[in-house]
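# Architecture and fold: a report
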Amino acid sequence: MPADRASRTAVLVCQGRAVAHGRLAVGRFDDPTALRLLRETERTPVMRARAVPTSKGLAARLDVELLGRQAEAMALRTVAVDDAVRAAGNPQLVIVGAGLDGRAWRMSELAQVDVFEVDHPASQHEKRSRAVALGPPVGRHHFVAADLDEVDLGAVLFAAGHDATGPTTWILEGVIPYLSEQAAATTLTAIAGRSAPGSTVVLTYQLESPRGRLGRLLARALLVLMGRGDPMANESRRSSWSRETVQALVAEAGFLLREDIGLVALAGELSVPDRHVHASRVAVSVSPGG
Ligand SMILES: C[S@@+](CC[C@H](N)C(=O)[O-])C[C@H]1O[C@@H](n2cnc3c(N)ncnc32)[C@H](O)[C@@H]1O
């Protein structure tokens, strides 16, 4: 990711949550922060996608289709990650590649938790200005700017006051495809180095499939045609993952894989359409001795 460009994929997934809020998995998924984290121009497509079935015109229909997909995937992914964070119940939460994640503002369970949001400096700079609209976070909150390609994650977290002797929940949501395999391994090793017994790593990933690749290409082409720009122009996918390689990634860092949830199963449980989540998974691992 170029040093001066904030993440556009972070905006896209935030738009998905804003579309899903109050419409999908109601009672299990709730993200009132998402719409407020968006700029005015980014809200327009969200409002069009939420206006189903009254949305009219080509642009509105494309918004319904493109953001509708994101909404289904984000509602399910968010529920899976939130459930894992609650189940772990640790006093520290580190959100790696936080983007426009609103958990520190929306999860009342984090009132007594130290939340560290780690992100690329350009993305975090923008998050800081957008988050003003949210008011204060629910608990103790720390912004940590770090380019994971360049910086030792362990050292920056130490400097920010993270306590390696107490258990931590780590979230890597929608992040590892944007890291090289080497940077992903280095990141997991740094996480392991600061994970006391009882720590939990929640990592989302997508299995590679021709259908997924085609869907992404089509979505990017449509966004360009609509004049919105390609969200992945400066943020290309740098690695692809399978169940086996994710298992190896966490095992080599010393974690024990506890569950590897397919979002399709959760879709059935939450009555959310599963059209676009066949490849999406959430792996939950724990540090030994916890
Ligand atoms: C798809 S967004 C996901 C954001 C957030 N986790 C979510 O699910 O809403 C990818 C995130 O990874 C971050 N990222 C990508 N490459 C990075 C790097 N080299 N160092 C730090 N963060 C990076 C981006 O800044 C962005 O916030």
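Residues numbered from 1 in each chain as written. Predicted model: local features only at pLDDT ≥ 70, side-chain atom pairs only at ≥ 80, totals over all residues. Heavy atoms only, no water.

Per an unreviewed UniProt entry, the protein is named S-adenosyl-L-methionine-dependent methyltransferase, and its organism is uncultured Acidimicrobiales bacterium. If you open the UniProt record of the protein and go to Sequence similarities (unreviewed entry), you find "Belongs to the UPF0677 family." The Function (unreviewed entry) comment attached to the protein in UniProt states, word for word, "Exhibits S-adenosyl-L-methionine-dependent methyltransferase activity." (UniProt positions renumbered as here; feature names shortened; annotations may be inferred.)

This part takes up helix 3 (residues 40–50). Looking at helix 3, one finds that the buried residues are E42, P45, V46 and A49. Around the axis of helix 3, the buried residues are gathered within 100° of arc, so they sit on the same side. Counted as exposed and oriented over 90 degrees from the buried face of helix 3: E40 and T41. (Buried < 20%, exposed > 50% of the residue type's maximum accessible area, 1.4 Å probe, protein only. Helix = DSSP H or I, 4+ residues; strand = E, 2+ residues; numbered from the N terminus. Arc of directions from axis to C-beta.)

Right, let's talk about the site of the ligand for a bit. The environment of the ligand is made up of 22 residues, and the closest members are R77, G97, D119, S123 and E173. Here a nitrogen atom of the ligand and a backbone polar atom of G97 are 2.8 Å apart. In the complex, 98% of the free accessible area of the ligand, which totals 590 Å², lies under the protein chains. Sorting elements by how many residues they give to the shell around the ligand places helix 1 (residues 9–20) first, with four residues. In terms of residue class, the shell around the ligand is made up of nine nonpolar, seven polar and six charged. (Near = heavy atom within 4 Å. Polar contact = N/O pair within 3.5 Å; in protein donor to acceptor, adjacent residues only side chain to side chain. Areas by Shrake-Rupley, 256 points an atom, 1.4 Å probe, with all protein chains shown as cover. Nonpolar A, V, L, I, M, F, W, Y, C, P; charged D, E, K, R; others polar.)

This part takes up the packing of helix 3 against helix 4 (residues 58–88). Running from N to C, helix 3 and helix 4 point in directions that differ by 85°, and their axes come no closer than 8 Å. Taken together, the axes of helix 3 and helix 4 are roughly perpendicular relative to one another. Facing helix 3, whose interface residues are P45, V46, R48 and A49, helix 4 presents A59, A60, D63, V64 and L67. Among the residues making up the contact of helix 3 with helix 4, the classes are represented as seven nonpolar, no polar and two charged. (Axes fitted to C-alpha atoms, helices over the stretch in contact; angles between N-to-C directions. Parallel < 35°, antiparallel > 145°, perpendicular 65-115°, else oblique. Contact = heavy atoms within 4.5 Å.)

Turning to unusual backbone geometry, a few remarks are in order. Most peptide bonds are trans, and most residues other than glycine sit at a negative phi. Positive phi outside glycine occurs at A25, with the angle close to 45°. By the element assignment, A25 lies in the loop between helix 1 and helix 2 (33–36). For A25, a relative accessible area of 10% corresponds to the buried category.

This part is about the sheet that holds strand 7 (residues 280–286). Strand order in the open sheet formed by seven strands is 3-2-1-4-5-7-6, with mixed pairing between adjacent strands. On the outer flanks of this sheet lie strand 3 (140–145) and strand 6 (256–262), each paired with one strand and no other. Adjacent strand axes in the sheet meet at a mean angle of 15°, parallel and antiparallel pairs treated alike. Against the sheet, helix 4 touches strand 1 (92–96), strand 4 (168–172), strand 5 (200–206) and strand 7, its axis set at about 170° to strand 5. (Pairing = 2+ DSSP bridges.)

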